[in-house]
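In case you want the letters, here they are:
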Amino acid sequence: MKFKGILFDLDGVLVHTDKLHYRAWKKIADECGILFNEEINNLLRGVSRMESLEIILRNYHGPALSQKEKEALAEEKNNYYKEELKSMTPDDVTGEVRETLAALKAAGIKVAIGSSSKNTKFILKQVGLDDVFDAVSDGTNITKSKPDPEVFLKAAEYIGLPPEECLVVEDAVAGIEAAKRGGMKAAGIGDAAFYEKTDYPMTTFADLKEIAL
């Protein structure tokens, strides 16, 4: 066994909520008269809610916003997003993902979540993955977002393993950076598969079985 633990980002790896995030941010941007499109949305991947808002506000040309007003906008976005999340079901997780996770667990590998999202536990419950993972490290227990390694270091700590015995699975460059800064190997899927610091590029989720078993 190459790794004793595997730490998964949630969004873009296990489930895909990009469209839900996009629709929620688009509502906020439209309300504020801000240009927002798919290209800008791509800059938000793996980034915290407040940092995402700051990126969106680069195209804002209205009166200066106070910190309190920014926090209110971020909260409003999250409320829109949570409404969108209610539409998620177990069908939003592919058979390939479920089978691969089962194979890893059957081999005795500990699996944990390392996600910046504060909605992680709600999403896991919606899609029927809430009883699969040995630990969840998410936006409710961290103070620093990726590329800071905090979320993954805590996930490793929760499953009782040193960083060097863990593999991180990510779809965002910020997540790969976080893994490397935390002293972990990183497997990349999607855009992250092409990042120069990615140790194991993946074309499909099932590639994990080749990498880890």
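Residues numbered from 1 in each chain as written. Predicted model: local features only at pLDDT ≥ 70, side-chain atom pairs only at ≥ 80, totals over all residues. Heavy atoms only, no water.

> Outline the overall build of the chain, supporting the account with residue identities and numerical values.
Looking only at helices and strands, one finds 9 helices and 6 strands in the chain. Relative to its length of 213 residues, the chain is compact, with a C-alpha radius of gyration of 17 Å against a globular reference of 17 Å. Each principal axis of the C-alpha distribution contributes one length, and for the chain these read about 55 × 35 × 30 Å. Put simply, 60% of the contacts in the chain that link residues at least 6 apart link residues at least 24 apart. Total accessible area on the chain stands at roughly 10,200 Å², and carbon and sulfur atoms take up 51% of it. For the chain, the distance from the average position of its 28 positive side-chain charges to the average position of its 36 negative side-chain charges is 3 Å. (Helix = DSSP H or I, 4+ residues; strand = E, 2+ residues; numbered from the N terminus. Rg over C-alpha atoms; globule rule 2.2 N^0.38 Å. Contact = heavy atoms within 4.5 Å. Areas by Shrake-Rupley, 256 points an atom, 1.4 Å probe, with all protein chains shown as cover. Lys, Arg positive; Asp, Glu negative; His and termini not counted. Charge placed at Lys NZ, Arg CZ, Asp CG, Glu CD.)

> Quick one: what's the story with helix 7 (residues 150–158), residue by residue and with numbers?
When we look at burial in helix 7, the residues that qualify are Glu-150, Val-151, Phe-152, Ala-155 and Ala-156. Positioned one or two residues after helix 7, Gly-160 has a phi angle of 70 degrees, which is positive. (Buried < 20%, exposed > 50% of the residue type's maximum accessible area, 1.4 Å probe, protein only.)

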